[in-house]
Amino acid sequence: MPRVSQDHLDARRRQILDGARTCFARFGYEGATVRRLEEATGLSRGAIFHHFRDKESLFLALAEDEARRMADVVAEQGLVQVMRNLLAAPAGQDHPADWLGTRLEVSRRLRTDPEFRGRWAERSEALTEATRQRLQRQREAGNLRDDVDVKVLTAFLELVLEGLVSHLAMGLPADDLEPVLDLVEESVRRHRRSVEISD
């Protein structure tokens, strides 16, 4: 039997994650049955669980994948840009990609499932660390306010993100939130006082 290439395995894993993302976003964790996962991915349960031990491992890998994508955006553009991306959903689409659905499922499971909370804690640190490092670089460049600890600013931005996710999840209007994000961004920037010189 010919050996399957790593590229093929990676492509198959990506196919499973993409289909599972849609399935979990649409039906939630509990509603994403194996049958629905098969339909969403176009693969058999054997193929799916060849790559992932069980449904929880698949969901955790998906959530980790989303956290990694967010961390990449944070490293380049900051956490506020992640929030702006959430608001920039294409016309006719309630939320960009299916990121929001995955994020909501993560939040729900963190509240209700202690075992999942423990497994997720290790993975969620990557996003926090990316935010902290980005803020530290901004501070060193003189762009970030220096009267508040970077850890506090990180926690502030993460809380705003959670609030935005909840807002969108409730289906509340989002067209007027860009100025709110401008305010959030402005609140962490360093403001240089203009010095008036009198004659």
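Predicted, not measured: the structure shown is a model, and the values here were computed from it. (Residues numbered from 1 in each chain as written. Predicted model: local features only at pLDDT ≥ 70, side-chain atom pairs only at ≥ 80, totals over all residues. Heavy atoms only, no water.)

Undergrad: Describe in detail the packing of helix H8 (residues 150–169) against helix H9 (residues 178–188), supporting the description with residues and values.
TA: A pair of packed helices can be characterised by two numbers: the angle between their axes and the separation between those axes. At their nearest, the axes of H8 and H9 sit 11 Å apart, and the two run at 175° to each other. Relative to H9, the element H8 is oriented roughly antiparallel. Where H8 approaches H9, its residues Leu-153, Phe-156, Leu-157 and Val-160 are matched on the opposing element by Val-184, Ser-187 and Val-188. When grouped by side-chain class, the residues that make up the contact of H8 with H9 number 6 nonpolar, 1 polar and no charged. (Axes fitted to C-alpha atoms, helices over the stretch in contact; angles between N-to-C directions. Helix = DSSP H or I, 4+ residues; strand = E, 2+ residues; numbered from the N terminus. Parallel < 35°, antiparallel > 145°, perpendicular 65-115°, else oblique. Contact = heavy atoms within 4.5 Å. Nonpolar A, V, L, I, M, F, W, Y, C, P; charged D, E, K, R; others polar.)

Undergrad: Explain the UniProt feature "DNA-binding region" (unreviewed entry) in the protein residue by residue, including any values.
TA: According to UniProt, the "DNA-binding region" (unreviewed entry) feature falls on residues 33–52. Span residues 33–52 is 75% helix and 0% strand, its end C-alpha atoms 15 Å apart. (UniProt positions renumbered as here; feature names shortened; annotations may be inferred.)

Undergrad: How would you explain the side chain of Asp-113 if you had to name every residue and give the values?
TA: Counting through the fold element by element, Asp-113 comes out in the loop between helix H6 (99–112) and helix H7 (114–140). At 2.6 Å, the side chain of Asp-113 and the side chain of Arg-109 are in polar contact. (Polar contact = N/O pair within 3.5 Å; in protein donor to acceptor, adjacent residues only side chain to side chain.)

Undergrad: Which residues make up the pattern of salt bridges, and what values do they have?
TA: In the structure shown here, the tally under the stated rule is 20 salt bridges. Between Glu-38 and Arg-45 there is a salt bridge, with its nearest N and O atoms 3.7 Å apart. Here Arg-45 falls in the partly exposed class, since its relative accessible area comes to 47%. A salt bridge links Glu-178 to Arg-84; the shortest N-O distance between them is 2.3 Å. Of the two residues, Glu-178 is situated in helix H9 and Arg-84 in helix H5 (residues 79–87); the sequence distance between them amounts to 94 residues. On the basis of relative accessibility, which here comes to 32%, the residue Glu-178 falls in the partly exposed class. Counted as one network, the salt bridges with shared partners bring together Arg-14, Asp-18, Arg-21, Asp-65, Glu-66, Arg-68 and Arg-69. (Salt bridge = Lys/Arg side-chain N within 4 Å of Asp/Glu carboxyl O. Buried < 20%, exposed > 50% of the residue type's maximum accessible area, 1.4 Å probe, protein only.)

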